[in-house]
Amino acid sequence: MSDVPTDSDTPAPPRGAGPRAALLLIVGLVVVTAAATFGLTALLLNISGHKQEEKNPFYRVVELTDETEDPAVWGKNFPQQYDGYLKTAEMRRTRFGGSESVARTPSSDDPREAVSRSKVDADPRLKTIWAGYAFAVDYRERRGHAYMLIDQMFTQRQRVKQQPGTCIHCHGSVYVPYKAAGNGDLIKGFEALNHLKYEEARTNGAHPVKYPLACIDCHDPRTMQLRVTRPGFLEGIRALKASEGKPDYDPNRDATRQQMRTFVCAQCHVEYYFRGDEKRLVYPWSQGNRYDDMLKYFDETQGKDGKPFSDWTHKLTGAPLLKAQHPEFETWSQGTHAKAGVACADCHMPYARVGALKISDHHVRSPLLNINHACQTCHHTTEADLLARATLIQDRTRQLEDIALDALVDLIADIQAARKAGATDAQLGAKDGPWAYQRKAQYFVDLVCSENSMGFHAPQETARALAQAIDWVRRGQVAVRALTTPARPK
Ligand code: HEC
Ligand code: HEC
Ligand code: HEC
Ligand code: HEC
Ligand code: HEC
């Protein structure tokens, strides 16, 4: 368990200091032991050539500016990173993660020839828990970053409901388009596009969105330092830090390099909602980012009707509910790895050697397809053992998730039956009534179902959330019984 990065406030030494020191040592040894050999000169030349590469890991073939969007242009300076980036188009599945290519016949409203597997077809209980909401119609397994823009453009969710411009925030390279739409001001551009119709925002006249997530979204083109460019995250993390007593937080100024190796991912892999008519993208973290904090946030946030915020009204029960999506950052935050300072990039973009260069693997994917680089740098055990440990966590989570889903579906059936038997909305919606429990249980079960690691990012917290949800279902069923069982004569 060595080599664990620490989250100290001192910036990490420039990359390559370690290897360089090691090289000097090797050079010293070589000089002592092989001073008389002919090979020495050649060897030293070779080593100094590699040292040169480490010190100057890229050759500026092209000048990159804050307007250079096209990743292929960046790729001229950084071919290895670009190669990895392109590989995100590969589809490979693991037991619970990755993705599998499913062939489809292109249609007039969807030209895709392959998609990933449908989650709602695989588990019809999801259609029940999201009845009346667009997710019940089309919700698929995530796949690589290369697909983020087309998958968003052509999901059936776009057909059943007019989606807002806000959606584009996490599905395309929006840095240049936002700045163009805001006359140079990122936040103004974000505000200008959010409330438009999705297609209008994507093709906006100031500068259309052309690429999926690209280099410019995570890197400063001049220094190649990591940076955060997503307004939703900049505002969300500021609110989160303020709740921890740190006002006016700016990750681009205040975060350590190790924190940035998580924050660039947390720009998108988070829970979110659209606020008010402006459809502003908001990450619900002003009370903290644990699941309970986010539920509290929504319960205390007013929706349009003056009642607590809800994403939709459940078609079978009438309850006003919350839909959760991909809380990877929030979940990771509660796990052992986060506590040990292990960042998203440590597992999902681990270092790989290319010649004498140590580069970050830009083929962002399931770490279980890359255990050697993703885990074995820290865990000195076999690949098979690590895979077994991860799978054990995931199998247990899956089993608990199954129990919780069954329970939630049962509660929905019970509320439906009570409605048929004459229970009124006022009774169902009373404080601590059946709807209140469906809402809480739905949110927690959904946070786990829509989190993409099947429990791995924080096994115990995930299990706790599911146990909590099952208890809320039980209380909801007790509340239903109180409405439907005639009072016993005294
Ligand atoms: C200690 C290593 C580790 C860290 C740190 C980590 N993850 Fe993961 N992540 C995993 C593993 C293992 C899986 C499960 C992959 C699978 O089932 O194939 C996973 C799954 C995922 C998935 C689904 C991947 C897929 O192919 O289905 C996403 C998305 C994800 N993580 C994002 C993140 C984000 C964002 C962070 C940081 C906030 C993060 N992870 C931190 C190890 C890690
Ligand atoms: C806060 C960032 C964010 C916003 C805003 C966002 N997404 Fe996503 N979306 C993601 C992430 C991260 C994934 C991959 C993880 C997953 O699939 O759970 C994803 C996956 C998807 C997928 C592929 C999997 C699926 O659900 O079938 C589709 C389609 C999609 N989003 C559509 C949309 C639409 C439509 C909107 C607007 C209503 C939207 N997204 C808004 C971050 C976001
Ligand atoms: C601009 C928003 C955005 C950012 C930033 C982002 N992701 Fe994603 N990520 C997505 C979306 C959207 C998808 C799903 C695309 C789809 O299904 O079409 C996705 C998919 C993934 C997957 C699934 C890959 C697979 O092959 O199944 C992993 C793993 C992942 N992201 C991890 C990360 C990590 C780690 C980072 C940071 C280094 C990161 N993401 C940064 C939006 C983002
Ligand atoms: C989701 C965010 C993200 C995107 C998009 C991204 N990178 Fe990176 N990149 C990273 C992270 C994380 C690191 C590690 C930085 C660190 O540890 O300081 C990195 C490191 C680098 C480095 C430094 C050397 C290395 O490999 O560690 C280069 C060069 C680089 N990226 C080039 C690119 C290029 C070119 C593209 C586009 C094709 C790109 N990156 C897209 C997140 C990203
Ligand atoms: C940068 C170092 C680092 C990386 C990379 C890393 N781990 Fe860990 N891992 C740790 C540390 C530190 C702990 C906590 C150990 C402790 O407290 O005893 C830990 C704990 C664990 C645990 C037990 C805790 C839990 O959450 O249940 C498992 C299982 C585990 N790691 C698996 C993996 C797998 C699988 C990967 C690759 C996908 C991975 N780790 C990548 C450092 C790392």
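The model shown is predicted, which means the values in this text are computed figures rather than measured ones.

1. Quick word on the site of ligand 2
Around ligand 2 lies a shell of 19 residues, among which Arg140, Cys167, Cys170, His171 and His326 are the nearest. In the environment of ligand 2, an oxygen atom lies 2.8 Å from a nitrogen or oxygen atom belonging to the backbone of Arg140. In the model, an oxygen atom of ligand 2 is placed 3.0 Å from a nitrogen or oxygen of the Asn452 side chain. Split by residue class, the shell around ligand 2 holds 8 nonpolar, 7 polar and 4 charged.

2. Some words on the coordination of the iron atom of ligand 3
Tetrahedral coordination by four donors puts the ideal angle at the metal at 109.5 degrees, and octahedral coordination by six puts it at 90 or 180 degrees. Protein ligation of the iron atom of ligand 3 involves His145 (NE2) and His269 (NE2), the donor distances falling in the range 2.0 Å. Classification of the site at the iron atom of ligand 3 as octahedral follows from its 6 donor atoms and the range of 86 to 180° in their angles at the metal. Taken together, the residues His145 in the loop between α6 (125–129) and α7 (148–154) and His269 in the loop between α15 (257–266) and β3 (273–275) connect sequence positions 124 residues apart. Take His145: its relative accessible area is 22%, and that puts it in the partly exposed class.

3. Some words on the coordination of the iron atom of ligand 5
Donor atoms from the polypeptide that coordinate the iron atom of ligand 5 comprise His337 (NE2) and His379 (NE2), at 1.9 to 2.0 Å from the metal. One way to put it: the 6 donor atoms around the iron atom of ligand 5 meet at angles of 86 to 179°, and that makes the site octahedral. You can see His337 sitting in helix α18 (residues 336–339) and its partner His379 sitting in the loop between α20 (371–374) and α21 (383–420), a full 42 residues away along the chain. Taking relative accessible area as the criterion, His379 reaches 17% and is therefore assigned buried.

4. Concerning the site of ligand 5
As a matter of local geometry, ligand 5 sits amid 16 residues, with His337, Ala374, Cys375, Cys378 and His379 nearest to it. His379 places a side-chain nitrogen or oxygen 2.7 Å from a nitrogen atom of ligand 5. When contributions to the shell around ligand 5 are tallied by element, the ones reaching two or more residues are α18 and α21. Looking at the shell around ligand 5 residue by residue, the class counts come to 12 nonpolar, 3 polar and 1 charged. Both domains that furnish three or more residues to the shell around ligand 5 are identified here as domain 2 (71–366 + 374–379) and domain 3 (384–484).

5. With respect to the packing of α21 against helix α23 (residues 434–450)
The interhelical angle for the contact between α21 and α23, taken along N-to-C directions, is 155°, at an axis separation of 10 Å. Regarding the angle of α21 to α23, the classification is roughly antiparallel. Pair α21 / α23 crosses with left-handed handedness. Residues Thr397, Glu401, Ala404, Leu405, Leu408, Leu411, Ile412 and Ile415 of α21 form the contact with α23, whose own contacting residues are Pro434, Trp435, Tyr437, Gln438, Ala441, Gln442, Val445, Val448 and Cys449.

6. Here we look at the pairing of strand β7 (residues 351–354)
Pairing geometry for β7 and strand β8 (residues 357–360), over 4 bridges, is antiparallel. Residue pairing across strands places Tyr351 opposite Ser360, the latter belonging to β8. The loop that links β7 with its antiparallel partner β8 comprises 2 residues; one of these, Gly355, has a positive phi angle of about 60°.

7. Considerations on the packing of aromatic side chains
All chains considered together, the criterion is met by 23 aromatic pairs. Aromatic pair Tyr297 and Phe298: ring centres 5.4 Å apart, planes at 85°, arrangement edge-to-face. Owing to a relative accessible area of 1%, Phe298 belongs among the buried residues under this scheme. The aromatic ring of Tyr147 is capped on one face by Arg143, whose charged end is 3.8 Å from the ring centroid. Here Arg227 stacks its cationic end above the ring of Tyr175, 4.3 Å away from the centre of that ring.

8. Some words on the pattern of salt bridges
Considering all chains together, one arrives at 42 salt bridges under this definition. Ionic pairing is found between Asp277 and Lys304, a salt bridge with its closest N-O pair at 3.6 Å. One end of the pair, Asp277, is in the loop between β3 and β4 (280–282); the other, Lys304, is in the loop between α16 (291–299) and β5 (312–313), with 27 residues separating them in the sequence. The class of Lys304 is exposed, set by a relative accessible area of 73%. Two residues, Asp292 and Arg464, come together in a salt bridge whose shortest N-O distance is 2.6 Å. Remark: Arg464 occurs in helix α24 (residues 459–484) and Asp292 occurs in helix α16; sequence separation between them is 172 residues.

9. A look at the packing of helix α10 (residues 186–194) against helix α13 (residues 231–243)
Look at α10 against α13: their axes get within 10 Å of each other, and the N-to-C directions meet at 110°. The orientation of α10 relative to α13 falls into the category roughly perpendicular. Residues Leu186, Ile187 and Phe190 of α10 form the contact with α13, whose own contacting residues are Pro231, Gly232, Leu234 and Glu235. Residues belonging to the contact of α10 with α13 are distributed by class as follows: 5 nonpolar, 1 polar and 1 charged.

10. Things to note about α15
Counted residue by residue, α15 has 8 buried out of 10 residues, so it is predominantly covered. Looking at α15, one finds that the buried residues are Gln258, Gln259, Met260, Arg261, Thr262, Phe263, Val264 and Ala266. Buried residues belonging to α15 abut α12 (215–218), α13, α14 (251–254), α17 (328–333), α19 (344–348) and β7.

11. Comments concerning unusual backbone geometry
The phi dihedral of Asp248 falls on the positive side, at around 55°, and the residue is not glycine. Residue Asp248 is classed as exposed on the basis of its relative accessible area, which comes to 54%.

Here is what the cut-offs are and how they apply
- Residues numbered from 1 in each chain as written.
- Chains lettered and ligands numbered in written order.
- Predicted model: local features only at pLDDT ≥ 70, side-chain atom pairs only at ≥ 80, totals over all residues.
- Heavy atoms only, no water.
- Near = heavy atom within 4 Å.
- Polar contact = N/O pair within 3.5 Å; in protein donor to acceptor, adjacent residues only side chain to side chain.
- Nonpolar A, V, L, I, M, F, W, Y, C, P; charged D, E, K, R; others polar.
- Donors = N, O, S within 2.8 Å, 3.2 Å for Na, K, Ca; no water.
- Tetrahedral: all angles 85-135°; square planar, octahedral: opposite > 155°, others 65-115°.
- Helix = DSSP H or I, 4+ residues; strand = E, 2+ residues; numbered from the N terminus.
- Buried < 20%, exposed > 50% of the residue type's maximum accessible area, 1.4 Å probe, protein only.
- Domains from an automatic or database assignment.
- Axes fitted to C-alpha atoms, helices over the stretch in contact; angles between N-to-C directions.
- Parallel < 35°, antiparallel > 145°, perpendicular 65-115°, else oblique.
- Left-handed = near helix turned anticlockwise from the far one by under 90°.
- Contact = heavy atoms within 4.5 Å.
- Pairing = 2+ DSSP bridges.
- Phe/Tyr/Trp six-rings, centres within 6.5 Å; stacked < 30°, edge-to-face > 60°.
- Lys NZ or Arg CZ within 6 Å of the ring centre and 35° of its normal.
- Salt bridge = Lys/Arg side-chain N within 4 Å of Asp/Glu carboxyl O.

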